[in-house]
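The lines below spell out each chain.
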Number of protein chains: 2
Amino acid sequence: LRPLEIRKPSILVRELESKPVIVTHPDENIKDVARKLVENNINHIPVVDEKGVLQGIVTSWDIADAVAKGKTSLRDVMTRKVIIAREDEPVEVVARRIDKYDISGLPIVDSNNKVKGIITAEDISRLVGKKMDRGGESI
Amino acid sequence: LRPLEIRKPSILVRELESKPVIVTHPDENIKDVARKLVENNINHIPVVDEKGVLQGIVTSWDIADAVAKGKTSLRDVMTRKVIIAREDEPVEVVARRIDKYDISGLPIVDSNNKVKGIITAEDISRLVGKKMDRGGESI
Ligand SMILES: C[S@@+](CC[C@H](N)C(=O)[O-])C[C@H]1O[C@@H](n2cnc3c(N)ncnc32)[C@H](O)[C@@H]1O
């Protein structure tokens, strides 16, 4: 028998979610995607169809890949098998998924695969910084 | 008067540090930097001089910036004022620095500004995933 553990309720994905999420479409060209990444100061852009349903993901790493290999079409560099998160999942579970797949951000989708937001390793890392704040310490 | 708090000792940067760190030099061209990012499956490359002393940082986001603006020289896209981490800092402090400067990775340097490693938001996010493991829960 293990002693009863009192555990704080997990923080859920929806509490960290950054909105509005910036998206793109499969027929966008790479230069425009690069511009979107830079102008919005982000690294991950979900690729959606005209209904907002997830089709893939493109990241600044994929732009580096396009430069390295001389590719110019988004369809050639986007990732189609997307690892996703759901709004009601605990962030710990998402943190483990980020680690397992060596990725740094996941689109948050609803039950119809429509993109609702994005959650990144930076969003989760922020929690580690906040924990210490509660103790009243500062840099 | 506040009650005495028993605090677990902080995890230090050196415990998370990924080595060996991949570096580049200011005169490298952007295509070769992009190749290094892709081949090593990373997003951050410290730029060092011939002695290994930090000169700047280049990330896949900077490659996207180069594509967006048609820049081809690393010197034009690398960031020279680098936010760094030290091996003996607590990760909470680094997590707050990542948040404050809206960055995703920091070179770890010694007292001579020589690059020893790199720490990223993914490394810190991994801690959040591990915490739950200790409780014996799984996905
Ligand atoms: C494997 S990561 C390696 C670099 C680094 N760890 C990162 O997260 O950017 C790079 C590749 O992962 C893909 N990727 C990023 N987020 C993804 C996600 N949520 N699901 C599937 N693939 C993803 C990108 O499209 C890119 O091709």
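Reference entry: report on the structure contained in this document. (Residues numbered from 1 in each chain as written. Chains lettered and ligands numbered in written order. Predicted model: local features only at pLDDT ≥ 70, side-chain atom pairs only at ≥ 80, totals over all residues. Heavy atoms only, no water.)

## With respect to the nonpolar core
For step 1, the next point in the chain: In terms of nonpolar packing, the biggest core is built from 30 residues, with Val94(A), Ile119(A), Ile124(A), Val94(B), Ile119(B) and Ile124(B) touching the most fellow members.
For step 2, the next point in the chain: For this core, the secondary-structure elements that each account for two or more residues are α1 (13–16), α5 (91–101), β3 (105–109) and α6 (121–134) of chain A together with α1 (13–16), α5 (91–101), β3 (105–109) and α6 (121–134) of chain B.
For step 3, the next point in the chain: Among all residues touching Val94(A), those that are not within four sequence positions of it are Val13(A), Ala85(A), Glu89(A), Leu106(A), Ile119(A) and Ile124(A).
For step 4, the next point in the chain: Within the second largest apolar cluster, 16 residues are counted, among which are Val38(B), Val47(B), Val58(B) and Val77(B). (Core = buried A, V, L, I, M, F, W, Y, C linked by side-chain atoms within 4.5 Å. Buried < 20%, exposed > 50% of the residue type's maximum accessible area, 1.4 Å probe, protein only. Helix = DSSP H or I, 4+ residues; strand = E, 2+ residues; numbered from the N terminus. Contact = heavy atoms within 4.5 Å.)

## Topic: the site of the ligand
For step 1, the next point in the chain: Lining the immediate surroundings of the ligand are 17 residues, of which Asp62(A), Thr79(A), Ile83(A), Gly105(A) and Asn43(B) lie closest.
For step 2, the next point in the chain: Measuring from an oxygen atom of the ligand, one finds a side-chain N or O atom of Thr79(A) at 2.6 Å.
For step 3, the next point in the chain: One nitrogen or oxygen atom from the main chain of Asp102(A) is found 3.0 Å from a nitrogen atom belonging to the ligand.
For step 4, the next point in the chain: At the level of elements, β2 (54–59), α3 (60–69) and β3 of chain A are the ones that each hand at least two residues to the shell around the ligand.
For step 5, the next point in the chain: Looking at side-chain class alone, the shell around the ligand contains seven nonpolar, six polar and four charged residues. (Near = heavy atom within 4 Å. Polar contact = N/O pair within 3.5 Å; in protein donor to acceptor, adjacent residues only side chain to side chain. Nonpolar A, V, L, I, M, F, W, Y, C, P; charged D, E, K, R; others polar.)

## Quick look at the pairing of β3(A)
Residue and element names in this part refer to chain A.
For step 1, the next point in the chain: Of all five residues making up β3, five are buried, and the element is well covered by its neighbours.
For step 2, the next point in the chain: Burial of β3 is two-sided: the residues Gly-105, Pro-107 and Val-109 facing one way and the residues Leu-106 and Ile-108 facing the other way are all buried.
For step 3, the next point in the chain: Strand direction decides the pairing type here: β3 and strand β4 (residues 115–120), joined by five bridges, are antiparallel. What sits directly across from Gly-105, in β4, is Thr-120.
For step 4, the next point in the chain: Here β3 folds back onto β4 in antiparallel fashion, the turn holding five residues, of which Asn-113 has a positive phi close to 65°. (Pairing = 2+ DSSP bridges.)

Distances and angles like these do not, on their own, reveal function.
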